[in-house]
Amino acid sequence: MALPSTNEVEITIENHKKIWLYGEPFSGKTHLASLAPKPILELNTDGNIKHYTMPRIPITDTKEGRQTIPAWEVFKNAVDDLEAGSDFETIVLDLTEDIYDHCRKYMCNKRGWEHESDDSFKAYDIVRSEFLRVIRKLVNLPYNIILISHQDISKDITKRSGDKVTKISPNIADKIANKLAGMVDIVIRCIKDNDHYVLSTKTSDVIFGGGRLTGLKAVDVPNCWESIDAMYATVTAQKPTETHETTEVDEVPTTTADDAVDANDEVMEKLKEALENTEEPKRRTRRTRN
């Protein structure tokens, strides 16, 4: 295999967006996905799809004659078909934790387990590896990929001070959540506060989140696809702060680190200003108090 050249490669992360959305029911997750570049295909396990016009493949046990095809095989077949090529631009997986449960049931039936605890030394790893293998295959396909999960607030964390605080995270096991977060560009929490729908990239010891979009600050922005585009625009706003070229002695960088930060701020502030002036009140968000 020939090695690549030593030249830096251009950042192309914005070509296909890989996003994981999570939040409480009715917080705008599927609605946001429906605003993504069309045409959109939804691999759906959730009943709320009936309220949207997106083409969909129901991920459920399917009857073909006398034979029942398990939901996990239905999902894998859909991923294989997408890998072969399609006219779709965006693939939505709704809900991710339901797909994992289908995988778990399939692998337990295949191995003769009633539950993973029947073979606790390796069963959990086998199920998790099978699930992540197929999800990784999906995420690596040349489409915009949107994973959707419900929010889990049932877990408490004890701080060093002894105080207990509620952990906010996707409704899936931590080991799987950490792997999925590493596959996508960004994890976004969808929040509904009265009539305000917000996308939050803020993260902390108790709020699950994060991402690889260089230069993106933790923000709360309106729930709309323009907000997603603005987040990805911060990637293109980042420019190299130094050069390894030595042939042009007088050449200096035209963009500094401060310029990149300013560009990021300008993108987000213009977005907030434009969307806060919209006529649709449900797309507005409250200003954050300092």
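Quick caveat: nothing in here was measured; it's all calculated off a predicted structure.

A. Spatial organisation of the overall build of the chain. When you go through the chain residue by residue, the secondary structure sums to seven helices and 12 strands. Only carbon and sulfur atoms are counted for the fraction: they give 47% of the accessible area of the chain, which is about 17100 Å².

B. Structural detail: helix 3 (residues 96-111). For helix 3, which comprises 16 residues, the first-to-last C-alpha distance of 23 Å matches the rise-based estimate of 22 Å (1.5 Å per residue) to within 8%. Those residues of helix 3 not exposed but buried are Thr96, Glu97, Ile99, Tyr100, His102, Cys103, Arg104, Tyr106, Met107 and Cys108. In this fold, the buried residues of helix 3 make contact with strand 1 (18-23), helix 2 (71-83), strand 6 (90-94), helix 4 (123-139), strand 7 (144-158) and helix 5 (174-183). Remark: glycine 112 follows helix 3 within two positions and exhibits a positive phi of approximately 80°.

C. A look at unusual backbone geometry. For the peptide bond that leads from lysine 38 to proline 39, omega is 0°, which places it in the cis range. In this fold, proline 39 is placed in the loop between helix 1 (29-34) and strand 2 (40-44). Cis geometry is adopted by the peptide bond preceding leucine 95, which originates at aspartate 94 and carries an omega value of 15°. Structurally, leucine 95 is set in the loop between strand 6 and helix 3. Positive phi, normally seen in glycine, also occurs at phenylalanine 26, with a value near 70°. Considering the arrangement of structural elements, one finds phenylalanine 26 in the loop between strand 1 and helix 1. Even without being glycine, asparagine 194 reaches a positive phi, approximately 60°. Tracing the chain through its elements places asparagine 194 in the loop between strand 9 (186-193) and strand 10 (196-200). The class of asparagine 194 is exposed, set by a relative accessible area of 61%.

D. Geometry of the nonpolar core. Trp20, Phe75, Phe131, Leu138 and Leu180 are the most contacted members of the largest nonpolar core, which has 44 residues in total. Of all the secondary-structure elements, those providing two or more residues to this core are strand 1, strand 2, helix 2, strand 6, helix 3, helix 4, strand 7 and helix 5. Discounting chain neighbours no more than four positions away, the residues touching phenylalanine 131 are Trp72, Thr96, Ile99, Tyr100, Cys103, Ile172, Ile176 and Leu180.

E. Spatial organisation of the packing of helix 2 against helix 4. Where helix 2 meets helix 4, the axes come as close as 10 Å, and the angle between the chain directions of the two elements is 30°. As judged from the angle between their axes, helix 2 and helix 4 are roughly parallel. Helix 2 and helix 4 meet at a crossing whose hand is left-handed. For the pair helix 2 and helix 4, the contacting residues are Trp72, Phe75, Lys76, Val79, Asp80, Leu82 and Glu83 in the first and Glu130, Phe131, Arg133, Val134, Ile135, Lys137 and Leu138 in the second. Per-class residue counts for the contact of helix 2 with helix 4 are eight nonpolar, no polar and six charged.

F. Focus on the pairing of strand 10. For strand 10, the tally of buried residues reaches four of five residues, placing the bulk of the element in the interior. As defined by bridge partners, strand 9 adjoins strand 10 across five bridges and the pair is classed as antiparallel. Note that in strand 10 the partner of arginine 189 across the bridge is serine 200. Where strand 9 folds back on strand 10, the antiparallel hairpin that results is connected by two residues, among which asparagine 194 adopts a positive phi of roughly 60°. Where strand 10 and strand 12 (residues 220-222) come together, three bridges link them in antiparallel fashion. When the sheet's bridge partners are listed, leucine 199 is paired in strand 12 with valine 221.

G. View of the packing of helix 4 against helix 5. Where helix 4 contacts helix 5, the two axes come as close as 11 Å, and the packing angle between them is 20°. Looking at the two axes, helix 4 sits roughly parallel to helix 5. By crossing handedness, the relation of helix 4 to helix 5 is classed as right-handed. Residue-level inspection shows Arg128, Phe131, Leu132, Ile135, Arg136 and Val139 of helix 4 in contact with helix 5, the latter providing Lys175, Ile176, Lys179, Leu180 and Met183. In terms of residue class, the contact of helix 4 with helix 5 is made up of seven nonpolar, no polar and four charged.

H. How the structure looks around the confidence of the model for the chain. In the predicted model, the chain carries a mean pLDDT of 82, and the fraction of residues at 70 or more is 79%. Across residues 239-261, confidence stays below pLDDT 50; counting only partners more than four residues off in sequence or on other chains, it has 14 contacts. A low-confidence stretch, residues 278-290 (pLDDT under 50), is modelled with 26 contacts involving residues beyond four sequence positions or located in other chains.

I. Representation of the side chain of threonine 30 within the structure. Tracing the backbone shows threonine 30 in helix 1. Given the relative accessible area of 5%, threonine 30 is considered buried. In this structure the side chain of threonine 30 is engaged in a polar contact, spanning 2.8 Å, whose partner is the side chain of aspartate 94.

Conventions and cut-offs
- Throughout this description, residue numbers start from 1 for each chain and increase along the sequence as written.
- The predicted origin of the model limits local features to residues at a pLDDT of at least 70 and limits the giving and counting of side-chain atom pairs to 80 or more, whereas totals for whole chains, interfaces and linings rest on all residues.
- Excluded from the side-chain calculation are hydrogens and water; included are all heavy atoms of the structure.
- Counting from the N terminus, the helices are the DSSP runs of H or I reaching at least four residues and the strands are the DSSP runs of E reaching at least two.
- Only the protein chains shown count as cover for residues, and all accessible areas are computed by the Shrake-Rupley method using a 1.4 Å probe.
- Any helix carries an expected span of 1.5 Å times its number of residues minus one.
- Exposure is judged per residue with a 1.4 Å probe applied to protein chains only, and the accessible area is read against the type maximum: over 50% gives exposed, under 20% gives buried, and values in between give partly exposed.
- By definition in these notes, contact holds between two residues if any of their heavy atoms fall within 4.5 Å.
- Only buried Ala, Val, Leu, Ile, Met, Phe, Trp, Tyr and Cys residues count toward a nonpolar core, and they belong to the same one when joined by side-chain atoms within 4.5 Å.
- Axis lines are fitted through C-alpha atoms, for helices just across the contact stretch, and the angle between N-to-C directions can take any value from 0 to 180 degrees.
- Relative orientations are named as follows: roughly parallel for angles under 35 degrees, roughly antiparallel for angles over 145 degrees, roughly perpendicular for angles from 65 to 115 degrees, and oblique for any other angle.
- A crossing counts as left-handed when the near helix is turned anticlockwise from the far one by less than a right angle, and as right-handed when that turn is clockwise.
- Note that Gly is not counted as nonpolar here; it falls among the polar residues with everything else outside the nonpolar set of Ala, Val, Leu, Ile, Met, Phe, Trp, Tyr, Cys and Pro and the charged set of Asp, Glu, Lys and Arg.
- Two strands pair under a simple rule: DSSP has to find at least two bridges between them.
- As a per-residue measure, pLDDT tells how confident the predictor is, with possible values from 0 to 100.
- Side-chain atoms alone can form a polar contact between residues adjacent in sequence; in general such a contact is a pair of N or O atoms within 3.5 Å, and within protein one must be able to donate a hydrogen while the other accepts it.

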